[in-house]
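# Summary of the model geometry
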Amino acid sequence: MTRQDGNEKDCILRLRGISKQFGAVSALSDIELDVHAGEVVALVGDNGAGKSTLVKVLAGVHQPSAGTIEWCGQKVVLESPSRALELGIATVYQDLALCENLDVVANLFLGQELSPFALDEIQMEVRAWTLLQELSARIPSVREPIAALSGGQRQTVAIARSLLLDPRIIMLDEPTAALGVAQTAEVLNLIERVRDRGHGVILISHNMEDVRAVADRIVVLRLGRNNGVFKADTSQSDLVAAITGATDNSVSRRQARMTASQEA
Amino acid sequence: MTQTDSGKTRQKLDRSDTRLRQDEGMSGALRGFIDRVRSGELGLLPVAIGLLVISTVFSILNPVFLAPNNLVNLLFDASAIGFIALGVVCVLLLGEIDLSVGSMSGLASAMIGVLWVRSGLPMPVAVGGALAAGVAMGLVYALLRNRFGMPSFVATLAGLLALLGAQLYILGPTGSINLPFSSSLVRFGQVMVMPAWLSHLLALLPGAFLLFNGLRKMALRSAANLSHEAASLLILRLFTFTVGLQFAVHYLNLGRGIPWMFALFVLFVMIMHYALTRTKWGRSVYAVGGNPEAARRAGIKVERIRMSAFVLCSMFATAGGIFGAARLASASQQAGTADVNLNAIAAAVIGGTSLFGGRGTAWAALFGILVIQAISNGLTLLNLSSSLRYMITGGVLAIAVIIDSMARQSRANHGRG
Ligand SMILES: Nc1ncnc2c1ncn2[C@@H]1O[C@H](COP(=O)(O)OP(=O)(O)OP(=O)(O)O)[C@@H](O)[C@H]1O
Ligand SMILES: [Mg+2]
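The notes below deal with the structure included here. (Residues numbered from 1 in each chain as written. Chains lettered and ligands numbered in written order. Predicted model: local features only at pLDDT ≥ 70, side-chain atom pairs only at ≥ 80, totals over all residues. Heavy atoms only, no water.)

### Observations concerning the site of ligand 1
Residue and element names in this part refer to chain A. Worth spelling out the cut-off: Throughout, near means a residue has at least one heavy atom within 4 Å of the molecule or strand. Pairing of N or O atoms within 3.5 Å defines a polar contact, subject to two protein rules: one partner must be a possible hydrogen donor and the other a possible acceptor, and residues neighboring in sequence count only if both atoms are side-chain atoms. For the area figures, the Shrake-Rupley method with a 1.4 Å probe applies, and any residue is considered shielded solely by the protein chains shown.
Taken together, 13 residues lie around ligand 1, and Gly 48, Gly 50, Lys 51, Ser 52 and Thr 53 are the ones closest in. One of the side-chain nitrogen or oxygen atoms of Lys 51 is found 2.7 Å away from an oxygen atom of ligand 1. The side chain of His 206 places a nitrogen or oxygen atom 3.0 Å from an oxygen atom of ligand 1. In isolation ligand 1 exposes 640 Å². Once the protein is present, 62% of that is buried.

### What about the pairing of strand E10 (residues 225-231) of chain A?
On any regular strand, side chains alternate: one points to one face of the sheet, the next to the other face. All names here are of chain A. Formally: Any two strands are treated as partners once DSSP identifies two or more bridges connecting them. Secondary structure elements follow DSSP: runs of H or I no shorter than four residues count as helices, runs of E no shorter than two count as strands, and numbering proceeds from the N terminus.
Judged from the five bridges that link them, strand E9 (residues 217-222) and E10 form a sheet pairing that is antiparallel. Considered in E10, the bridge of Ile 218 is made with Phe 230. Between E9 and E10, which pair antiparallel in sequence order, lie two residues; one of them, Leu 223, sits at a positive phi of approximately 50°.

### Examining the pairing of E9 of chain A
All names here are of chain A. Basically, it comes down to this: Relative accessible area decides the class of each residue, using a 1.4 Å probe on protein chains only: under 20% of the type maximum gives buried, over 50% gives exposed, and in between gives partly exposed.
The buried count for E9 comes to five of six residues, which makes it a mostly enclosed element. Here strand E3 (residues 40-44) pairs with E9 via four bridges, running parallel. Paired with Val 41 across the strands is Arg 217, a residue of E9.

### Considering the coordination of the magnesium ion (ligand 2)
Residue and element names in this part refer to chain A. Going by this rule: Distances decide who is a donor: an N, O or S atom must be within 2.8 Å of the metal, or within 3.2 Å for Na, K and Ca. Water is not included, so sites may look incomplete.
Protein ligation of the magnesium ion (ligand 2) involves Ser 52 (OG) and Gln 94 (OE1), the donor distances falling in the range 1.9 to 2.1 Å. Of this pair, Ser 52 sits in helix H1 (residues 51-58) while Gln 94 sits in the loop between strand E6 (89-92) and helix H3 (104-108), and the two are 42 residues apart along the sequence. A residue is classified by how much of its surface remains accessible, and Gln 94, at 41% relative accessible area, is partly exposed.

### Description of the interface of chain A and chain B
Note the cut-off: Throughout, a contact is declared for two residues whenever any of their heavy atoms are within 4.5 Å. Summed over both partners, the accessible area lost on bringing two parts together, with a 1.4 Å probe, is the buried area. Salt bridges are defined as contacts in which a side-chain nitrogen from Lys or Arg sits within 4 Å of a carboxyl oxygen from Asp or Glu.
At the interface, 39 residues of chain A touch 34 residues of chain B. Between chain A and chain B, a total of about 3100 Å² is buried, with carbon and sulfur atoms accounting for 57% of that surface. Scanning the region where chain A abuts chain B turns up three salt bridges. Glu 125 of chain A is the salt-bridge partner of Arg 221 of chain B, the closest N and O atoms lying 3.2 Å from each other. Joining chain A to chain B, the criterion identifies twelve residue pairs in polar contact (both at pLDDT 80 or more). Only helix H2 (81-87) and helix H4 (121-134) of chain A provide two or more residues apiece to the side of chain A that touches chain B. Examining the composition of the side of chain A that touches chain B, we find that seven residues originate from one element, H4 of chain A, more than from any other.

This is the structure:
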């Protein structure tokens with residue numbers, strides 16, 4: 001287990017004591033998280049651990065009940081999604097947050113349209129195609145409404161949208177859940193490219209292989225609390241133990257059963 | 001595909017997916033249109049069919065229906081409620097509703113009567129006062145919706161009663177104020193028509209604009225390596241459109257001519273069409289109507305968009321009320337009551353604006369009100385009582401809503417949301 005020390009000056013995002021209450025439910029309590037420039041932080045945890053809630057707090061969608069957020073050494077209040085976008089925090093939400101009645105181009109540029117009083121559709125369409133090609137998207141037409149796209153195509157659109165503004169930090173909430181083999185590889189490549197450009201990445205995924213392939217640090221959440229920070233080369237069983245909170249868990253029992261039956 | 005053999009560099013950006021049917025030229029456009037209609041993107045098709053059926057039926061029952069002067073009258077009548085419908089389109093696009101547009105227009109006409117005729121203030125001051133009342137009412141609805149989360153259905157239902165009360169209150173016991181016939185406002189609402197030469201000239205403008213815009217778009221798109229519409233298609237469309245428009249203008253000029261009031265209404269429809277399709281504000285309106293939470297997360301100030309729509313709606317209702325008063329040359333207790341409210345909302349829906357939000361165009365107000373007014377005009381010519389008129393208009397509205405719901409289901413089945 002490593003400590004969240006890191007370099008003071010390249011730390012772009014620092015969370016201290018973040019808590020979030022939904023009525024009687026404490027979705028997050030006393031969360032600490034640092035993200036440095038040029039670093040991929042994986043956020044893992046079981047269903048309902050609070051990962052998406054943490055992402056939404058950072059995206060300005062939810063207001064934390066307690067705690068502070070520092071951005072490049074400055075205390076900030078992310079009172080709205082537009083404030084977070086302004087700072088350069090881009091988000092791919094688990095539910096994608098696309099407008100199904102609008103076409104791909106309109107969704108990509110939503111809120112960031114070129115020339116507000118005489119929309120530059122041609123420029124936007126060209127930019128849309130380049131962004132989508134970078135992700136080797138398989139989208140036949142960008143003038144179809146989002147409702148006409150497959151789940152994976154929609155996810156690609158959501159990812160492309162987060163790249164539009166060249167953000168400082170990009171948060172991906174299960175970005176590859178619906179993606180094909182090639183598109184998943186492309187997203188992982190993209191995460192590495194974004195990191196190499198010196199930006200920070202927060203990646204949420206249930207796929208431990210993907211996580212260990214790209215993450216520099218793995219932050220584990222359990223029942224809304226920090227449950228350890230791990231290096232990428234940590235063994236699967238240690239990670240699972242931290243995620244489920246026990247060394248004797250369903251995953252390890254299943255694995256033991258498998259090896260036992262193989263030996264027999 | 002013809003482009004692959006000429007090398008990869010010639011491949012259009014938006015035509016590179018091999019699964020995409022290459023809809024090119026005339027037949028391609030036709031195929032695309034049929035596909036869209038089948039999957040529930042009906043556009044203005046139901047209205048076009050509706051207008052055709054209505055005019056055939058009524059002209060068989062009474063040939064006067066299609067007489068030029070009757071159509072001119074129809075346009076005079078349509079303009080005032082058309083303004084109201086245009087505002088209703090704005091709120092419907094957000095998935096909200098304003099049930100008080102009729103009362104708002106009634107209050108506006110009463111304010112014109114009281115401020116201008118009874119108190120003797122200059123007419124522009126009275127108009128300004130009425131518009132200010134519209135803005136204030138829109139702000140109230142926006143506040144109730146944004147701050148207190150009150151459904152606009154309930155807020156505007158309360159507004160309907162309150163505004164009606166205000167209208168009756170300021171009119172006082174006399175209940176009716178006549179506007180002077182010689183005034184420019186009443187002349188505008190009853191007699192002022194365009195000179196024939198000017199109407200023909202103006203009817204050329206849309207075609208010229210389509211040509212200019214189409215050619216410019218074509219050049220820009222091919223410069224950006226995107227596919228574009230075939231030139232032959234553009235020319236054909238523009239030619240039929242211009243010929244049709246010139247014929248309509250010619251026909252109306254056989255009667256009194258084209259009302260200035262109607263021209264003003266069409267101008268506002270075009271302005272709203274531009275605002276809704278070509279500006280960031282319009283894009284935000286559709287986004288909020290489609291998925292408000294997604295719009296908020298994209299950084300759109302959803303509350304402000306709602307506010308702008310409610311204010312616009314109330315202002316258009318006010319304008320409709322003023323022109324309605326001009327049309328009748330009076331401000332009475334009856335103004336804005338009875339069917340004005342529902343006609344305006346029905347027009348927006350019949351024109352293809354979805355009650356579910358996120359779908360529709362400014363043109364819906366124009367075509368919807370033409371349908372409504374044609375029905376009402378035709379039934380009046382047949383000397384049918386207003387009871388029958390209400391029932392038939394109600395039936396047509398029901399049909400329009402059924403078409404909307406069915407198109408929505410069909411879109412869902414064809415993956416178009
Ligand atoms: N808007 C909300 N209102 C009330 N409770 C909520 C809300 N959003 C999340 N919660 C609760 O907060 C907890 C954490 O939810 P969250 O969505 O953050 O989990 P997660 O880690 O993203 O899970 P998953 O892996 O399933 O996506 C859950 O118990 C959930 O019920
Ligand atoms: Mg989640």
